[in-house]
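The primary structure of each chain is shown beneath.
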Amino acid sequence: MPAPVIVALDLESAAEANALVERLGAEADHYKVGLQLLAEAGPQVVTSLVRSGKHVFLDLKLHEIPNSVAGAIRAAGKLGVSMVTVHASAGSAVMRAAVASAKPFPQLKVLALTVITSLCDTDLPEIGLPASVEAQVTRLASLAALSGCHGVVASAREAAYLSNLLPKGTLIVCPGIQLAQGTATDQVRVATPQDAAGAGATHIILGRAITAAPDPAASFRAALAAFRDGA
Ligand code: C5P
């Protein structure tokens, strides 16, 4: 079983990513590769992680027409990744296309992104939505489950009600995690690993709290211990 703590490799080169992976050691076996590293280093960074036995969450945040999403999911499956993201707000046809395209890759889980954790209630009206993150997350997460997605990405605050709402076994992956309260940067809906685990998160994502820490391995271990404490 891969670790429930996923380390976001939001770094500037494959060399930096490899150095961090090396530093974190065997216990850290779950990494998120996002658009920054993918654009900097290309898909080789993903295949090299997969070849070294790591589980990769390829955070493509797809929001495209169904045919294009299906193609991108197939490409992700061929790279051997185990999680990939699609925006739930792209609609049920897009999510169904993503799930169908992932079928030939048994390890591949399609996660639906609900509302990014840098947004809060007052940000929603400017994009035409009622000012309730909770209502929007509930709506999109339910649609994602109905469309066959294996999991959702949402903040720990939402995990509390999503874990009751969604079918058993649905993955609930929470970014916006800080090791201690009060250290938020651009994250608005933040929580600690304990809070997230207590709320029903199955996985947490930590980026800068580990990658920018003076001792990344110690921060990783602290996050893992705190998550297990809270579960
Ligand atoms: O903030 P942090 O460095 O921990 O971010 C790690 C990952 O979590 C980012 O790659 C991003 O995709 C996700 N995240 C998010 N919403 C935020 C902050 C981070 O989805 N507000």
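Definitions and limits used
- Residues numbered from 1 in each chain as written.
- Predicted model: local features only at pLDDT ≥ 70, side-chain atom pairs only at ≥ 80, totals over all residues.
- Heavy atoms only, no water.
- Helix = DSSP H or I, 4+ residues; strand = E, 2+ residues; numbered from the N terminus.
- Rg over C-alpha atoms; globule rule 2.2 N^0.38 Å.
- Buried < 20%, exposed > 50% of the residue type's maximum accessible area, 1.4 Å probe, protein only.
- Contact = heavy atoms within 4.5 Å.
- Areas by Shrake-Rupley, 256 points an atom, 1.4 Å probe, with all protein chains shown as cover.
- Lys, Arg positive; Asp, Glu negative; His and termini not counted.
- Charge placed at Lys NZ, Arg CZ, Asp CG, Glu CD.
- Phe/Tyr/Trp six-rings, centres within 6.5 Å; stacked < 30°, edge-to-face > 60°.
- Lys NZ or Arg CZ within 6 Å of the ring centre and 35° of its normal.

Visitor: Can you tell me about the overall build of the chain, naming the residues and giving the values?
Guide: When its secondary structure is counted, the chain shows 10 helices and eight strands. For a compact globule of 231 residues, the expected C-alpha radius of gyration is about 17 Å, and the chain comes in at 17 Å, within 12% of that figure. By residue count, 50% of the 231 residues in the chain fall in the buried class. For the chain, the proportion of contacts with a sequence separation of at least 24, taken over those separated by at least 6, is 67%. In the form shown here, the chain has an accessible surface area of approximately 10200 Å², with 55% of it arising from carbon and sulfur atoms. Both charge centroids of the chain, one from 17 positive and one from 18 negative side chains, sit 10 Å from each other.

Visitor: Please set out the packing of aromatic side chains residue by residue, giving values where relevant.
Guide: Scanning the entire structure with this criterion turns up zero aromatic pairs. Lying across the ring of Phe 57, Lys 32 places its NZ or CZ 6.0 Å from the centre.

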